[in-house]
Amino acid sequence: MTDADGTNSLFGGVSDVRAKAHSIHDNPRFYDDDENGIESRITADDMDEARQENMAYEYLCHLEEAKNWIETCIKEDVGATMDIEESLRNGVILAKLGHYFAPDVVPLKRIYDSNLDRFNERGLHFKHTDNINFWMRAMSSIELPQIFFPTTPDLYDKKNMPKVIYCIHALSIWLNKLGKAPNIENLLGIAEFTEEEISEMTRALQDYGISIPAFNKIGGILEKEIGVDEAAKHAAVIAINEILQKEDPDSTLEKLQNKKAYFNYIEVPNKVRYHEILFLAKLDKTETALEEGKTSEQSDIYEFYLTHTEIQDVIDDINDIVRKEIAENKFRSAISDINKLCLSESPEELLEGLLVTASRVKNVNDSNADLYLEFLKTAKESREGNITLEEIQEVVELANEEMRKRRNLEGALDTLHESILSSNIEGTYEALHHAAFKLPPLHKSAAPKYQATLFFEHAKQMDKAQKEGTEEGATARLSHAQIHDCVKSVNNQVKEVRKFAEAIANINGCLIQDDPQETLAALHVQAANINEVLERCAEDYHVWIKEGVSVKKQEADVADGDSTWVEMRSPDNQIFYYKPDTKDLVWVKPEGASEVSYFMAQDEIQWVVSRITAKTLRDEWFEGNVDKVVRLQSMVRMSIARKRYRSRLKFLNENEEAAIRIQCLWRGHVVRKEMKERDEFMKNNLKHVIKVQAWVRGYQIRKNYRQLMQEKPSVQVLFKFLYLLDQSSVDHAEEAELKRHKANIVKEIRHNQQLEKQLDDMDIKIGLLVKNRLTLQDVVTASKKLKDKKREVPHKTRGLKELSKENRQMLESYQHLFYLLQTNPKYLAKLLFTMPQNNCTKFMETVVLTIYNYGTNTREECLLLRLFRNALREEIQRKVDKVQDISTGSPTVIKIVVGYYRGSQGNQNSLKSLLGPLIEQVMEDKDLNMNIHPLEVYQAWINATEAETGEPSKLPRDVTPEQALEHKEVTDEIENTIKKLVTIIESFQEKIISSIDQMPYGIRYIAMCLRKDLKEKFPESPDEEIMKAVGNLLYYRYMNPVITAPDSFEIVDLAAGSNLNNVQRRNLGSIAKILQHAASIKVFDSDAKYLESLNSFIKTAYIKFMEFFATASNIEEIEDHFNMDEFSDVTMLNKPMIFISPKEIASTHQLLLDHQKEVTEGEGEEDPINEVLATLGPVPENDQLLSGSDSTTEFGLLLTNKWELNMSDESNIQALFSKTKYLIVDMLKIQKGETFTAILHTQANLQQQELYRAIHSRRVAAENEKTSEDEKNSKTALFDPNDTTIEKLKEHIIKNLHILEQHKLVTPTDDYQEILTSIARDICNQRKYRQRRKQDLKKMAATVERMNKKKKYYGEAVTYYQEYVKACVNNLSKTKKSSKGDKRQTAKYSAQKLYEKGVLVEIEKVPVSSFKAVTIEFSTTDQMGVFEVSGKLSGMNIDKINVDFENLLQLQYEGVSTMKFEDSGVVVNVNLLIFLLNKKFYGVE
């Protein structure tokens, strides 16, 4: 039988009532409600965080309860709740608590450090543990169960403080039972704490690392310890259950207060609630028992009655609810009162309201009442409703802070005022440093100045007060603003005086350097206040001032280099003292100051400057009049010279002929001499002359070419290079040959496509004949066995390759679909990144690689690389947000590319040949140990020392890396290992760099694509960052794993069962790690100082790697490497085939249907794949794809191209664009101008028109000389014979430009810059175009040769197929011969019999009743497989008709059920007619 405390029967009743009771005061802090108040779903992390915070809150409540109970007992304040744990550690409070309930055991005088003097001064002392022991003895004296006792370290060392608080709670309940102490409060849900306090306690509980004791089980544990009369307790519980039937709360209360019932915490005011809730709980429990079919006679009484525990739980819950309601009501009333008092004018009443405990307002200061009223009144008036507790608390804190600032300022003002009045300079200076003033930085040397200024300001204020007659004048203090202005004024004075002193000292100091310009610069300094300074007098200033300084020093008896205090006077006549060497500045004469100044003062320097300036200006004034003297002298000399000139001129005029001859001879002699010297110089320096000429011409050409390569070249630049567009006869011949080859290839392609169509038709016919033969044999066999039974139709083979029109069309559609997927990588590239990404890698590694046959031949490897290239671009555009994502993430395409090129056998061999020898060399070196970790080297050194000496080492083994590196032996070993490591890594790097040609083409091509795509998406990113991403592919992803684990990639040959040992793996790992650091320029920092010596090597290796990555990612395009072009597929003798399972076909088909919109995005509705998918329809069922095999069996699927090759190199509009460029070039060769538009609208002159007509005539004549049609058609439509004049040419150009403008290819606003830029690019690419044309010619010639081979192959195949069909038909006819030996075989039937057999369906205009009069005869003809059908109606012949057996089979293949003979009105069943002919003419007797 369950006892009164049992809870086994409590399934509903009490638990539901308790849940309802708790719902009133549930803490909403741990719930996440949306804006509508509906609880939203939270994550597991949120729930765990909420659980931890809830635990911390509960523990804080228990701390508050313990604190309040202890304070009630010992009548002392024990501090804040958050500090209670720390306060208990010294045991003083607990010892006083022990004295409270056991004074004999714990006398007050025995308590150590009871006033906490020792603790406050030095902290914890070991003797404080005596207090803890006293407390435990006191608890033992009252026989508190030992289970609750904490250990001394739990308290003293703070190892388990929750256990201490748990013990205090148990002690409180125990003492209350004994009647020695009041009951402890239950503050759960009532006490409030800040978020910071809860977060701090959460962290503290996590640091304890222990679980919180179950405080709610303390009562139950104590009851077991106290002897209880169970019978009396049982009777009391039964009495309470029975009294609940009466509506008498007083009786219920009386029963609950029965001491024998042992109920705790009975609150008399709650008696009505006790009665109601207990009644509902008992009723709920009774109903639950009855619903379960239990009866009071057969069941335990507690199946219907409440147990002692259930009743106590209800009492506790009701008490909690009532306490919380009371506390909440008091809180709301207190907040409401504060809101009312805010509008009153009584600070005292407001202060009294704030101090009410129920208001929960903290940190209220009695002296701040006025400020509280002011701030709260403002806050209340700024809003409509009541202000909340949080707002009140915030206002209180603001008021406290404001009052603190005001008090600090008042104290600082008092101190400063006292110092000012007492003329205490040091005191004034120190007082100004008070933080309350918030003054700018003060100058120590200006302390007297601060004192004087403040004192003067205070005196002015007192004078003003006396004049105004105010009583406060004598005691008035300076305000904060006045102090701030005085300090600012002094600081400005100090700043200006210091500048002045430094300027004067600089002038005096410049004389030592003996540099006049330095002295001049010092005089120009504005702070020196020196005027009338002239730059041209710098040297005079320097000499005179230097002499003055020397005199001053002699007078002061100061040697050069000495530096003492110098007395100076500022421009505002203030005396101060300055020390030049330290630049110190003081206002009071210091000790050691010179009585006589050895510096020239500012006024003395000004006097010297003014004297020198005046003298210089005076001398210059005199020098300014010298020109008058010079002018007079020149006039005299001019008169003499003119006289001599006239005399000479007269002489020459008299001897003019002789003078002219002499002049000619002399000039000729001089010119010939100069020419001879120049020719001689040229001959002696011919090589240099040629080189200079070449350089000049090259420079001019390069300059013009750079202008041509600009983004928008002008028409003036084009004029210089138009000659490059002239085509020679060789160009015309090659162009004509190229066009001829293309035309021939198109003809051959179309012819071969026709032959291929014929072969497909012949395939179907042969298949139909073979199928008919097999069906015939089945029919003959069945008819022989079951002549009397109905003929059975053989079971048809179903599947993708079944010989029917429907399945044939499905097969062809799948051939077209997978051909499109294989040759157009854009579809698969988009599909890979639109399908679910968890299936992407698997789909890539299975279906996609299957479509490309894993790149087993050149064509499929080329197509696979195209797919990788498109997929990489798609992934970068969709998923890469920054360049670093390539290195830090895991790009799908790069991962698959690396796996493919590292896993295939041929590429694996390249890695083996590249890295294998070096890896084997490292593995075979048994003495090599690249251990560079300090601790491991340290341990190895100790082991070696012990092995050598035979004695244990005295060095400690448990050390830090820094301590290990303190030993020279360790650092020497690490340095030697690093040197070896660098040598080996250099060999690895050199091998990798020098073996660039051994790397697979595919991995280098993808690296190039990666570099270009990243640069295209991130044009602002530096090339170095992009090259790091390329290096991440080439080294880290492709090579690094091979070095670290060569056995996993079969790079080295290991014996069976052998593996790499730890030393080998560590050596290879160290090599790979440093190489990776070098590839990504990752240097070692202070955390690994012993490896910092590698940083210089890493930086050097990084540069080499960057050059290697740049070279490796620069490779020829895929078409050039594999020699693939648009004609490659059409010249193949055999169609490409892939081996794929029906399951993979169906899954690929379904994926394309699911993502058709994304795959064909931007391609338009006419995209070929839309057409193929529309033809295929939905994914077929399994039996439509299977053909006697399961869904995973692979079969060969031939790939065919449904669409003809598009041979047009340009669209119509592009052709018009090219033609217009050609016409513009013709115009620009003839006519020049400033801009293209100006040339286009400027009329040509007669010379230009004649020149154009001559060129046009030569071109027409050249066109007429062409003999063959190919030559006449070889020239494209660029040349128009109708453009006979240059004006017609311009009209043609303008017309074309209007059309191009409509298509937005050109714009007139920028002078048609687009077409001019295109012409410039044609000029630049002319050489490349000629090279490409030669390559195209070679490819075209090879293509024509392959096309001829394919044409011959198809022709032979068609001939063979035709002979084979004839042989099949002939073999069918030989199976049955005429009995009379006649070659012709016949079979006659009446129409009635054929109608009954179902062969004949109807005869137009002949009723069925007349079919007996109609005779139909089938007979063979000379042509194999052709039958003659004749008939008679009532003796009259009917026209004969020929029926081709192959046509009948074709109709059956196409699903046609009936056929009407031409012009006869006879309708027959095709299938039954074939059966009849097989039986009569091709059967076996």
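All values derive from a computational prediction rather than experimental measurement.

### Things to note about the overall build of the protein
Helices and strands together make up the secondary structure of the protein, namely 58 helices and 12 strands. Out of the 1485 residues belonging to the protein, those deemed buried represent 42%. Pairs at least 24 apart in sequence give 71% of the contacts found in the protein among residues at least 6 apart. Just so you have it, the protein exposes about 84100 Å², and 51% of that area is on carbon and sulfur atoms.

### A short note on the pattern of salt bridges
Opposite charge on two side chains lets them pair, provided their charged atoms get close. In the structure shown here, the tally under the stated rule is 23 salt bridges. Between Glu-345 and Lys-377 there is a salt bridge, with its nearest N and O atoms 2.9 Å apart. Of the two residues, Glu-345 is situated in the loop between α14 (308-342) and α15 (347-354) and Lys-377 in helix α16 (residues 369-381); the sequence distance between them amounts to 32 residues. Across the pair Asp-1013 and Arg-873 runs a salt bridge whose closest N-O atoms are separated by 4.0 Å. Of the two residues, Asp-1013 is situated in helix α39 (residues 1001-1017) and Arg-873 in helix α32 (residues 858-879); the sequence distance between them amounts to 140 residues. Residue classification places Asp-1013 among the buried residues on the basis of a relative accessible area of 2%. Three or more residues are tied together by salt bridges with common partners; here these are Glu-86, Arg-89 and Lys-158.

### Concerning helix α45 (residues 1142-1154)
The end-to-end C-alpha separation of α45 is 18 Å, in line with the 18 Å expected for 13 residues at 1.5 Å each. Buried within α45 are the following residues: Pro-1142, Glu-1144, Ile-1145, Ala-1146, Thr-1148, His-1149, Leu-1151 and Leu-1152.

### As for unusual backbone geometry
Its identity is not glycine, yet Asp-113 carries a phi of approximately 55 degrees, on the positive side. Of the residues examined, Asp-113 reaches a relative accessible area of 10% and is grouped as buried. Here the phi dihedral of Lys-1304 falls at roughly 60 degrees; this positive angle occurs in a residue that is not glycine. Looking at the element boundaries, Lys-1304 is found in the loop between α53 (1286-1302) and α54 (1313-1324).

### Some thoughts on the packing of aromatic side chains
Counted according to the given criterion, the structure contains 10 aromatic pairs. Here the aromatic rings of Phe-148 and Tyr-166 are separated by 5.5 Å at their centres, their planes lie at 40 degrees, and the arrangement is tilted. Taken as a pair, Phe-148 in the loop between α6 (128-141) and α7 (152-156) and Tyr-166 in helix α8 (residues 161-178) lie far apart in primary sequence, 18 residues in all. Residue classification places Phe-148 among the buried residues on the basis of a relative accessible area of 0%.

### As for the packing of helix α36 (residues 934-949) against helix α38 (residues 968-994)
In the contact formed by α36 and α38, the axes pass within 9 Å of each other and the chain directions differ by 115 degrees. The handedness of the crossing between α36 and α38 is right-handed. Across from Pro-934, Val-937, Tyr-938 and Trp-941 in α36, the residues of α38 making contact are Glu-969, Val-970, Glu-973 and Ile-974.

### Describing the sheet that holds strand β7 (residues 1400-1403)
Taken in spatial order, the 3 strands of this open sheet run β7-β12-β11, and their pairing is antiparallel. Looking at which strands have only one partner, the edges of the open sheet turn out to be β7 and β11 (1458-1460). Ignoring strand direction, the axes of neighbouring strands in this sheet form an average angle of 15 degrees. Where β7 and strand β12 (residues 1466-1469) come together, 3 bridges link them in antiparallel fashion. If you follow Ile-1403 over to β12, its bridge partner there is Val-1466.

### Looking at the nonpolar core
Counting 128 residues, the largest nonpolar core has Leu-817, Phe-818, Phe-868, Leu-915, Phe-988 and Phe-1109 as the members making the most contacts within it. Leu-817 has contacts with Leu-1152, Ile-1169, Val-1172, Leu-1173 and Leu-1176, leaving out every residue within four places of it along the chain. Ala-95, Leu-97, Trp-135 and Leu-222 belong to the second largest nonpolar core, which has 58 residues in total.

### Considering the sheet that holds strand β1 (residues 566-569)
Spatially, the 3 strands line up as an open sheet ordered β1-β2-β3, and their pairing is antiparallel. Single-partner strands in this sheet number two, and they are β1 and β3 (584-586). Neighbouring strand axes in the sheet, compared pairwise and without regard to direction, differ in orientation by 30 degrees on average. Here strand β2 (residues 575-579) pairs with β3 via 3 bridges, running antiparallel. From the neighbouring strand, Tyr-578 faces β3, where its bridge partner is Leu-585.

### Observations concerning a nonpolar patch on the surface
Taken together, the side chains of Val-692, Trp-695, Val-696 and Tyr-699 present a nonpolar region at the surface, about 420 Å² in accessible area. Judged by relative accessible area, which is 54%, Trp-695 ranks as exposed.

### Considering the environment of Glu-185
Among the secondary structure elements, Glu-185 is positioned in the loop between α8 and α9 (195-208). With sequence-adjacent residues up to four places away left out, Glu-185 is seen in contact with Glu-65 and Asn-68.

### Side note on the pairing of β2
Here β1 runs beside β2; their pairing, made up of 4 bridges, is antiparallel. The partner of Glu-567 across the bridge, within β2, is Tyr-577.

### Comments concerning the side chain of Thr-1220
Along the chain, Thr-1220 falls in helix α49 (residues 1212-1230). Taking the relative accessible area as the measure of exposure, Thr-1220 reaches 0% and is therefore buried.

### Observations regarding a negative patch on the surface
Residues Glu-348, Glu-349, Glu-352, Asp-370 and Glu-374 make up a contiguous surface patch of negative charge. Relative to the helices and strands, Glu-348 resides in helix α15. Residue classification places Glu-348 among the exposed positions, given a relative accessible area of 56%.

### Thoughts on the confidence of the model for the protein
The pLDDT averaged across the protein works out to 76; a share of 79% of its residues lies at or above 70. Low pLDDT, under 50, characterises residues 1-40; the stretch is placed with 64 contacts to residues that sit more than four places away or in other chains. Across residues 776-799 the pLDDT falls below 50, and counting only partners more than four positions away or on other chains, this stretch makes 28 contacts in the model.

### Observations regarding the packing of α38 against helix α43 (residues 1095-1112)
The relative placement of two packed helices is expressed as an angle between their axes plus a distance between the axes. One can describe the packing of α38 onto α43 by two numbers: an axis separation of 11 Å at closest approach and a directional angle of 10 degrees. Judged by the angle between their axes, α38 and α43 are roughly parallel. Of α43, the residues touching α38 (which contributes Val-982, Ile-985, Glu-986, Gln-989, Glu-990, Ile-992 and Ile-993) are Phe-1097, Ala-1101, Lys-1104, Phe-1105 and Phe-1108. Residues of the contact of α38 with α43, tallied by class, amount to 8 nonpolar, 1 polar and 3 charged.

### Thoughts on the side chain of Gln-312
Positionally, Gln-312 belongs in helix α14. If we skip the residues at most four places from it in the chain, Gln-312 touches Tyr-262, Phe-263, Asn-264 and Tyr-265.

### Here's the deal with a positive patch on the surface
Taken together, the side chains of Arg-702, Lys-703, Arg-706 and Lys-720 define a basic patch exposed on the protein surface. Tracing the backbone shows Arg-706 in helix α26 (residues 686-708).

### Quick notes on the environment of Ile-974
Looking at where Ile-974 falls in the secondary structure, it is placed in helix α38. Note on Ile-974: relative accessible area 3%, which makes it buried. Once the C-alpha coordinates of Ile-974 and His-933 are considered, the two residues, 41 residues apart in sequence, prove to be 7.9 Å apart. Among all residues touching Ile-974, those that are not within four sequence positions of it are Ile-932, Pro-934, Val-937, Leu-965 and Tyr-1090.

Criteria and cut-off values
- Per chain, residue numbering runs from 1 following the sequence as it is written.
- Per-residue local features of the predicted model are confined to residues with pLDDT of at least 70, and side-chain atom pairs are confined, for both listing and counting, to 80 or more; whole-chain, interface and lining totals are unaffected and use all residues.
- Working from all heavy atoms in the structure, the side-chain values ignore hydrogens and water.
- In this text, helices come from DSSP runs of H or I with a minimum length of four residues, and strands from runs of E with a minimum of two, each type numbered from the N-terminal end.
- Relative accessible area decides the class of each residue, using a 1.4 Å probe on protein chains only: under 20% of the type maximum gives buried, over 50% gives exposed, and in between gives partly exposed.
- Any two residues whose heavy atoms approach within 4.5 Å at even a single point are treated as in contact.
- Areas reported here follow the Shrake-Rupley algorithm with a probe of radius 1.4 Å; residue values treat only the protein chains shown as occluding.
- Salt bridges are defined as contacts in which a side-chain nitrogen from Lys or Arg sits within 4 Å of a carboxyl oxygen from Asp or Glu.
- Here the expected length of a helix is defined as 1.5 Å per residue gap, with one fewer gap than residues.
- Any pair of Phe, Tyr and Trp rings, taking the six-membered ring for Trp, is counted once the centres come within 6.5 Å. Such a pair is stacked with planes under 30 degrees apart, edge-to-face with planes over 60 apart, and tilted for the rest.
- Where helices are involved, their axes are fitted lines through C-alpha atoms of the stretch in contact, as for all axes, and angles between N-to-C directions lie from 0 to 180°.
- If you view the pair so one helix is near and one far, a crossing is left-handed when the near helix is turned anticlockwise from the far one by less than a right angle, and right-handed when it is turned clockwise.
- Being paired, for any two strands, means DSSP has found at least two bridges between them.
- Put simply, buried Ala, Val, Leu, Ile, Met, Phe, Trp, Tyr and Cys residues joined by side-chain atoms within 4.5 Å make one nonpolar core.
- Excluding any residue in a salt bridge, patches collect residues exceeding 30% relative accessible area, merging like charges within 9 Å and nonpolar Val, Leu, Ile, Met, Phe, Trp and Tyr side chains within 5 Å.
- Residues counted as positive are Lys and Arg, residues counted as negative are Asp and Glu, and His and the chain ends are not counted.
- A charged residue contributes its charge at one atom only: NZ of Lys, CZ of Arg, CG of Asp or CD of Glu.
- Per-residue confidence from the predictor is reported as pLDDT, which spans 0 to 100.
- To sort the angles, those under 35 degrees are grouped as roughly parallel, those over 145 as roughly antiparallel, those from 65 to 115 as roughly perpendicular, and the leftovers as oblique.
- Amino acids are sorted into nonpolar (Ala, Val, Leu, Ile, Met, Phe, Trp, Tyr, Cys and Pro), charged (Asp, Glu, Lys and Arg) and polar (every other residue, Gly among them).

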